[in-house]
Amino acid sequence: RGKRAFIAGVADDNGYGWAIAKSLAAAGAQILVGTWVPALNIFETCLRRGKFDESHLLPDGSLMNITKVYPLDAVYDTPEDVPKDVKSNRRYAGSSKWTIKEVAESVKEDFGSIDILVHSLANGPEVTKPLLETSRYGYLAAVSSSSYSFVSLLKHFVPLMNPGGASISLTYLASERMIPGYGGGMSSVKAALESDTKVLAFEAGRRHRIRVNTISAGPLRSRAAKAIGFVDMMIDYSLMNAPLQKELSAEEVGNAAAFLASPLASAITGTVLYVDNGLNAMGIGV
Ligand code: NAI
């Protein structure tokens, strides 16, 4: 049978999550997505009204089918973790079973198992502030939603992942090189994610034969990136300075994810794969 993928962090057709879903669908995988609860309504409405119809088109002319959309808030592991004001919030009260543990249980109930887990989400409330001006709250909130969320997702999905399965997250060069403008602890968040990739590759590899890799992606005009505000500058910088002088398409990252999730990558785990037109190789701008 074909493989089944759960992709956390899809709420429109602009981001890396959508592109990864398409590349996996083009390779024959069944697609399940996890959508941030506050974004769920508008995402489902857009899907229903056909706003993303053109974006569903796969290279062979067929259309991507999203088998099921699950509400998800990756900041909460279990219902007991959810504060009262969030529970009663208008945007959350309309959905249920959106903590990580419950989503994993629902997927298990609906489909039994998955083969591929993708983490394509991040949130840093103080991303526009320099690290020196970042509050403890902002820093820890960024780590919670962008790094620990991956640890927790893997922890809860591992029991339903078939041996030989693969998980993938998205990281950014700011983890290892100073990139002014990527603040609020988001650089720290990506450093944690990359380090955790190695530790989790060992643990999930030994215990469950599951591979864990992360893609260090170049700049893309996604919703999240536009919120940071400096993405156009980063795209221009890359065009000027990267070995490959072309704009990076989300599809190129999607295709790399499909490769990493496939048997072609069966010996690859614990790695950071750069999909950035080679910008990471440069020491100085030219
Ligand atoms: P995006 O806006 O398409 O994706 C981020 C998603 O995270 C959104 O769908 C949002 O609803 C979701 N999200 C936020 N908080 C959440 C939570 N608590 N629970 C569940 N979902 C939550 O933007 P993009 O840029 O495609 O981001 C995907 C990944 O790619 C992120 O990890 C990002 O850091 C990474 N990345 C992005 C780059 C870029 O230039 N766009 C460059 C390198 C990495």
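Up top is the structure.
Residues numbered from 1 in each chain as written. Predicted model: local features only at pLDDT ≥ 70, side-chain atom pairs only at ≥ 80, totals over all residues. Heavy atoms only, no water.

Participant: Please provide a residue-by-residue account of the site of the ligand, values included.
Facilitator: Among the 26 residues in the neighbourhood of the ligand, the closest are listed as Tyr16, Ala74, Lys190, Leu220 and Ser222. Contact between the ligand and tryptophan 36: a nitrogen atom at 3.4 Å from a side-chain N or O atom of the residue. A distance of 2.9 Å is found between an oxygen atom of the ligand and a side-chain nitrogen or oxygen belonging to lysine 190. When isolated, the ligand has an accessible area of 820 Å², and the protein chains bury 93% of it. Of all elements in the fold, only strand E5 (161-171) and helix H8 (223-228) reach the threshold of two or more residues within the shell around the ligand. (Near = heavy atom within 4 Å. Polar contact = N/O pair within 3.5 Å; in protein donor to acceptor, adjacent residues only side chain to side chain. Areas by Shrake-Rupley, 256 points an atom, 1.4 Å probe, with all protein chains shown as cover. Helix = DSSP H or I, 4+ residues; strand = E, 2+ residues; numbered from the N terminus.)

Participant: Give me the lowdown on the nonpolar core, citing residues and values where you can.
Facilitator: In terms of nonpolar packing, the biggest core is built from 39 residues, with Leu24, Ile31 and Ile215 touching the most fellow members. Those residues in contact with isoleucine 31, other than ones at most four positions away along the chain, are Ala5, Ile7, Ala21, Leu24, Ala25, Asn65, Ile66, Thr67 and Lys68. By size, the runner-up hydrophobic cluster in this structure holds 26 residues, among which are Phe6, Ala8, Phe157 and Leu160. (Core = buried A, V, L, I, M, F, W, Y, C linked by side-chain atoms within 4.5 Å. Buried < 20%, exposed > 50% of the residue type's maximum accessible area, 1.4 Å probe, protein only. Contact = heavy atoms within 4.5 Å.)

Participant: Go over the pairing of strand E6 (residues 211-217) with me, naming the residues and quoting the values.
Facilitator: When you tally the buried positions in E6, you get seven out of seven residues, the bulk of the element. Going residue by residue along E6, you find Arg211, Asn213, Ile215 and Ala217 tucked away on one face and Val212, Thr214 and Ser216 tucked away on the opposite face as well. Relative to E6, E5 is paired through six bridges, and the arrangement is parallel. Counterpart to alanine 166 in the pairing with E6 is arginine 211. As judged from the four bridges shared by E6 and strand E7 (residues 272-275), these two strands associate in the parallel manner. (Pairing = 2+ DSSP bridges.)

Participant: Pulling in residues and values, what's your account of the pattern of salt bridges?
Facilitator: Inspection of the entire model under this criterion finds six salt bridges. Close ionic contact of glutamate 126 with lysine 129 constitutes a salt bridge, the shortest N to O distance being 3.6 Å. Among the ionic contacts, a cluster of salt bridges with common partners joins Arg221, Asp232 and Glu247. (Salt bridge = Lys/Arg side-chain N within 4 Å of Asp/Glu carboxyl O.)

Participant: With reference to specific residues and values, describe a nonpolar patch on the surface.
Facilitator: A contiguous nonpolar patch, built from Leu131, Tyr139 and Leu140 and spanning about 280 Å² of accessible area, is present on the exposed surface. Within the secondary structure layout, leucine 140 lies in helix H6 (residues 136-157). We classify leucine 140 as partly exposed; its relative accessible area is 49%. (Patch = residues over 30% accessible without salt bridge, like charges linked within 9 Å, V, L, I, M, F, W, Y side chains within 5 Å.)

Participant: Describe the sheet that holds E7, with residues and values.
Facilitator: Strand order in the open sheet formed by seven strands is E3-E2-E1-E4-E5-E6-E7, and the pairing between neighbours is parallel. Either end of the sheet is taken by a strand with one partner, and the two such strands are strand E3 (66-72) and E7. Shown here is a sheet whose adjacent strand axes are inclined to one another by a mean of 20°, direction ignored. The strands touched by helix H5 (residues 100-111) are strand E1 (4-8), strand E2 (30-36), E3 and strand E4 (114-119); relative to E3, the strand with the most contacts, the crossing angle is about 155°. Sitting on the sheet, helix H7 (residues 186-208) touches E5, E6 and E7, and the angle it makes with E5 is about 175°. (Axes fitted to C-alpha atoms, helices over the stretch in contact; angles between N-to-C directions.)

Participant: Got a sec to walk through empty space enclosed by the protein? Specific residues and values, please.
Facilitator: Within this structure, the stated rule accounts for one cavity of 30 Å³ or more. Counted as a void, the largest cavity has a volume near 60 Å³. Surrounding the largest cavity, Gly218, Pro219, Ile235, Ser238, Leu239, Lys246, Glu247, Leu248, Asp276 and Asn277 form its lining. In terms of residue class, the lining of the largest cavity is built from four nonpolar, three polar and three charged. (1 Å grid on protein atoms, 1.4 Å probe; cavity = no way out; pocket = protein on both sides within 12 Å on 5 of 7 lines; lining within 4 Å. Points joined across faces, edges and corners; volume = space filled by probe spheres on them. Nonpolar A, V, L, I, M, F, W, Y, C, P; charged D, E, K, R; others polar.)

Participant: Break down the environment of isoleucine 66 for me, citing the residues and quoting the values.
Facilitator: You can see isoleucine 66 is positioned in strand E3. The exposure class assigned to isoleucine 66 is buried, which follows from its relative accessible area of 16%. Note: C-alpha distance between isoleucine 66 and glycine 270 (204 residues apart in sequence) is 29 Å. Among residues more than four places away in sequence, those in contact with isoleucine 66 are Trp18, Ile31, Val33, Phe43 and Leu47.

Participant: I'd like a rundown of the pairing of E4, residues and numbers included.
Facilitator: A large share of E4 lies buried, amounting to six of its six residues. Relative to E4, E1 runs parallel, the two sharing four bridges. Note on E4: the bridge partner recorded for alanine 5 is isoleucine 116. The pairing of E4 with E5 spans five bridges and is parallel. By the bridge assignment, isoleucine 116 is partnered in E5 with alanine 166. Since E4 and E5 lie parallel, the crossover through H6 that links them has a hand, and here it is right-handed. (Right-handed = clockwise from strand over helix to strand, strands pointing away.)

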